[in-house]
Amino acid sequence: MATRHEMDEAQQPRPEARSCIRLLAENELAAILPLIEILNPDTSRAVLAQRLGEMRDNGYRCAGAFVDRRCVGVAGMWFGTRFWCGRYVDIDNVVVDPAWRSHGIGQALLDWVEDYARRQGCQKAVLDAYVTNDRAHAFYMHRGYRIIGFHFDKDLKEPEGSAGPDREASGGLASHRP
């Protein structure tokens, strides 16, 4: 039986390890959850799995970076078209296993996704990074990404005691009907 030290050593990056990047099949997507948890530590795996199912149903795709058949990095993708840029790829949740960071896997994932997006007819790649993630900002800017705007969000949860989604709008343009 292997000792904990031997098991830890087996997980360490090895220069001779064979790696590849490929698009994950739908039945492989659940394998990304341990990496996705790194970016979402306050969200349970069950909730992440449920969200992944909804995302898959809405066109989510994901590339995985594998070393000796072990998934060590992921980059999600959404495709769409917008007035301001035409066809684009929205790169979502780029995560590399902490033991494999600084080994070129993040760069290789971005290169792979950008090439894949070009083949899908995309003219632009966009992505979000948390404002507190300075390492991600430096990583993306070093690779030619620019900060061109702000990403805004707003919680749309109903306040306690509200009538729910079927209630009539109470003011503003939504309540004026011809």
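Please refer to the structure higher up on the page.
Residues numbered from 1 in each chain as written. Predicted model: local features only at pLDDT ≥ 70, side-chain atom pairs only at ≥ 80, totals over all residues. Heavy atoms only, no water.

Undergrad: Any chance you could explain the pairing of strand β5 (residues 124–127) here in plain terms?
TA: A regular strand places its side chains on the two faces of the sheet in alternate fashion. Where strand β4 (residues 86–96) lies against β5, four bridges are found, and the strand directions are parallel. Within β5, the position partnered with Asp 90 by the bridge is Val 126. Remark: the β4/helix α4 (residues 105–119)/β5 crossover connection has right-handed handedness. (Pairing = 2+ DSSP bridges. Helix = DSSP H or I, 4+ residues; strand = E, 2+ residues; numbered from the N terminus. Right-handed = clockwise from strand over helix to strand, strands pointing away.)

Undergrad: How should I be thinking about the packing of aromatic side chains in this particular structure?
TA: In this description, an aromatic ring pair is defined by two values, namely the gap between the centres and the angle between the planes. Evaluated as defined, the whole model comprises six aromatic pairs. For the pair Phe 139 and Tyr 140, a centre-to-centre distance of 5.3 Å together with 70 degrees between the ring planes defines the contact as edge-to-face. Among the residues examined, Tyr 140 registers a relative accessible area of 11% and is labelled buried. Here the aromatic rings of Phe 150 and Phe 152 are separated by 6.3 Å at their centres, their planes lie at 55 degrees, and the arrangement is tilted. Looking at Phe 152, the relative accessible area reads 72%, which means it is exposed. Chaining the aromatic ring pairs together yields one cluster made of Phe 79, Trp 112 and Tyr 116. (Phe/Tyr/Trp six-rings, centres within 6.5 Å; stacked < 30°, edge-to-face > 60°. Buried < 20%, exposed > 50% of the residue type's maximum accessible area, 1.4 Å probe, protein only.)

Undergrad: So what exactly am I meant to see when it comes to the state of the cysteines here?
TA: Joining two cysteines, a disulfide is a covalent bond between their sulfur atoms. Under the counting rule described, the total for this entry stands at zero disulfides. With no disulfide of its own, Cys 20 has Cys 71 as its nearest cysteine by sulfur position, at a separation of 9.6 Å. On the accessibility criterion, Cys 20 (39% relative accessible area) is partly exposed. Take Cys 122: it sits in no disulfide, and the sulfur closest to it among the cysteines is that of Cys 85, at 8.9 Å. Taking the relative accessible area as the measure of exposure, Cys 122 reaches 12% and is therefore buried. (Disulfide = S-S within 2.5 Å.)

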